[in-house]
Amino acid sequence: MDTRRGRWPVVLGYRSVRISNFMVFHISHLAIVDSTNTYLKSLVDAPEGTCVSADEQTAGRGRQNRNWHSAPGEGLYLSILLRPPRGRTDLPLLSLTAAIAVAETFLAIGLEKIDLKWPNDLLCSERKICGILVETAGLNQGGSPRVIVGIGVNLNQRAFPPPLDTTATSLLIESGAAMGAATFRDLLLERFSEWYDCWREEGREQILTRWTALSSYATGREVSVKLESESLTGITEGLNRDGALLVRTVDGDLRTIIAGEVSRLRPVNCAPKKEA
Ligand code: BTN
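Bear in mind the structure is a predicted one, so any value in this text is a computation, not a measurement.

### Describing the pattern of salt bridges
Step number 1: Enumeration according to the criterion identifies 17 salt bridges in this entry.
Step number 2: Ionic pairing is found between glutamate 261 and arginine 66, a salt bridge with its closest N-O pair at 3.6 Å. One end of the pair, glutamate 261, is in strand E13 (residues 261–264); the other, arginine 66, is in the loop between strand E3 (50–57) and strand E4 (75–82), with 195 residues separating them in the sequence.
Step number 3: Here glutamate 261 falls in the buried class, since its relative accessible area comes to 19%.
Step number 4: Given the relative accessible area of 40%, arginine 66 is considered partly exposed.
Step number 5: When the shortest N-O distance is used, the salt bridge between glutamate 104 and arginine 210 registers 2.7 Å. Linking glutamate 104 in helix H2 (residues 93–108) with arginine 210 in helix H5 (residues 204–214), this pair joins segments that are 106 residues apart in sequence. One exposure class covers both glutamate 104 and arginine 210, and it is buried.
Step number 6: One network of salt bridges, with partners in common, ties together Arg15, Arg185 and Asp186.

Spelled out as structure tokens, the structure:
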């Protein structure tokens, strides 16, 4: 673990916040860490609601072993620990839940052009403004499993280094307004708590409906999908009850995508619907 000052990271701030009857967040803010996800995963006895954010990550991780650009003070680098009850089979819906919470945070601060790309990328002007990495631990051990929801939000970058300069954007670039990472984090945790409560109460339909309303990718979108051993193209036909993406291929087959990299084949002509 890279903490620059030895074995444990320097904690700049700590507080506990009760957001709802269910959810108390225990938030530690670090100066620098390799990855907030890696660090939170190492805290094996931490309670549900433990959150770690950092000014900077030296080895921020994205999906498919990519790096996450984590320059100091430019973004929110946040990980949240959940301990859902053992036996729930709908853990994949948690990544859609997190994406909804971030999208609603952007909408609440006035950034209207937010779009969701399956499963949990947030785009603005068709560029990536937030990525989410959900990891699990302890699924095959006794006790409740641990789910680590890692969220990276581009807030105050004025520009990105190549190759991100053609694919990424930030709140500042899109709106002209900067925002402190702690302010965005606290607004986001309120939304997250609401949607996590919804998930805990088995609100599958609400989650699927809300995600679909926030995404221009959910239906009628011509996409290519890179799977582990093949690629396919087709038109999206919504989500199934597990949150997998349904894609109708040119052969007329309806494919169920549970993991893969989705990209658009044509530009978006219409903004996504915002109200569920
Ligand atoms: C992706 O889009 O590939 C997911 C990116 C997730 C980045 C966040 S930043 C906070 C947390 N810590 C990490 O190392 N990764 C996630």
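### Observations concerning the sheet that holds strand E9 (residues 219–226)
Step number 1: The strand order across the open sheet formed by 5 strands is E12-E11-E10-E9-E13, and the pairing between neighbours is antiparallel. The strands lining the two open edges of the sheet, one partner per strand, are strand E12 (254–257) and E13. In this sheet, neighbouring strand axes are inclined to one another by 45° on average, regardless of whether the strands run parallel or antiparallel.
Step number 2: In this sheet, strand E11 (residues 245–249) lies alongside strand E10 (residues 231–239) in antiparallel orientation, the contact comprising 4 bridges. Pairing of glycine 234 across the sheet is with threonine 249, part of E11.

### Examining the nonpolar core
Step number 1: In terms of nonpolar packing, the biggest core is built from 60 residues, with Ile80, Val102, Phe106 and Leu122 touching the most fellow members.
Step number 2: Every residue in contact with phenylalanine 106, bar those within four places of it in the chain, is listed here: Leu111, Ile114, Leu122, Ile129, Val153, Leu171 and Phe184.
Step number 3: Judged by nonpolar contacts, the second largest core, of 9 residues, contains Leu30, Tyr39, Val52 and Ala54.

### Regarding H5
Step number 1: Among all positions in H5, only Arg204, Ile207, Leu208, Arg210, Trp211, Ala213 and Leu214 are buried.
Step number 2: On its buried side, H5 packs onto H2, strand E5 (114–117), helix H4 (181–200) and E10.

### Comments concerning the packing of H2 against H4
Step number 1: Running from amino to carboxyl end, H2 crosses H4 at an angle of 135°, the nearest separation of the two axes being 8 Å. It follows from the interaxial angle that H2 and H4 lie oblique. The handedness of the crossing between H2 and H4 is right-handed. Counted together, Leu93, Leu94, Thr97, Ala98, Ile100, Ala101, Val102, Glu104, Thr105, Phe106 and Ala108 of H2 and Phe184, Leu187, Leu188, Arg191, Phe192, Trp195, Tyr196 and Trp199 of H4 form the full contact between these two elements.
Step number 2: In the contact of H2 with H4, the residues fall into 15 nonpolar, 2 polar and 2 charged.

### What to know about the site of the ligand
Step number 1: Taken together, 20 residues lie near the ligand, and Ser35, Gln57, Arg61, Arg63 and Lys128 sit nearest.
Step number 2: Here an oxygen atom of the ligand sits 2.6 Å away from a polar atom, N or O, in the main chain of arginine 63.
Step number 3: Protein burial of the ligand: of its 410 Å² of free accessible surface, 99% is covered by the chains.
Step number 4: Counting residues per element, the shell around the ligand draws most heavily on strand E7 (residues 127–137), which supplies 4 residues.
Step number 5: Among the residues forming the shell around the ligand, the class breakdown is 6 nonpolar, 10 polar and 4 charged.

### Describing H2
Step number 1: Between its first and last C-alpha atoms H2 spans 22 Å; for 16 residues at 1.5 Å apiece the expected length is 22 Å, and the two agree.
Step number 2: Within H2, 15 of the 16 residues are buried, leaving the element largely enclosed by the surrounding structure.

Criteria and cut-off values
For every chain, the first residue of its written sequence is number 1, and the numbers climb from 1 along that sequence. Per-residue local features are limited, in this predicted model, to residues with pLDDT of at least 70; the limit for side-chain atom pairs, both in listing and counting, is 80 or more; totals at the level of whole chains, interfaces and linings are taken over all residues. Hydrogen atoms and water are omitted, and side-chain values are computed over all heavy atoms in the structure. By convention in these notes, a salt bridge is any Lys or Arg side-chain nitrogen within 4 Å of a carboxyl oxygen on Asp or Glu. Counting from the N terminus, the helices are DSSP H or I runs at least four residues long and the strands are E runs at least two residues long. Only protein chains enter the accessibility calculation, which uses a 1.4 Å probe; a residue whose area is less than 20% of its type maximum is buried, one above 50% is exposed, and one in between is partly exposed. Two strands qualify as a pair provided DSSP detects at least 2 bridges between them. For helices, the axis comes from a line fit to the C-alpha atoms of the stretch in contact; other axes are also lines fit to C-alpha atoms, and the angle between any two N-to-C directions lies between 0 and 180 degrees. Joining through side-chain atoms within 4.5 Å is the link that ties buried Ala, Val, Leu, Ile, Met, Phe, Trp, Tyr and Cys residues into a set, and such a set is a nonpolar core. The contact rule is simple, with two residues in contact once any of their heavy atoms fall within 4.5 Å. These descriptions rest on fixed angle ranges, namely under 35 degrees for roughly parallel, over 145 for roughly antiparallel, 65 to 115 for roughly perpendicular, and the rest for oblique. Two helices crossing with the near one rotated counterclockwise from the far one by less than a right angle form a left-handed crossing, whereas a clockwise rotation gives a right-handed crossing. By the convention adopted, Pro, Cys, Tyr, Trp, Phe, Met, Ile, Leu, Val and Ala count as nonpolar, Lys, Arg, Asp and Glu as charged, and the other residues, Gly among them, as polar. It suffices for a single heavy atom of a residue to lie within 4 Å of a molecule or strand for the residue to be listed as near it. In protein, a polar contact requires one atom able to donate a hydrogen and another able to accept it; more generally it is a pair of N or O atoms within 3.5 Å, and residues adjacent in sequence count only if both atoms are side-chain atoms. The protein chains shown are the only cover counted for residues, whose accessible areas, like all others here, come from Shrake-Rupley with a 1.4 Å probe. By this rule the span expected of a helix is its residue count minus one, scaled by 1.5 Å.

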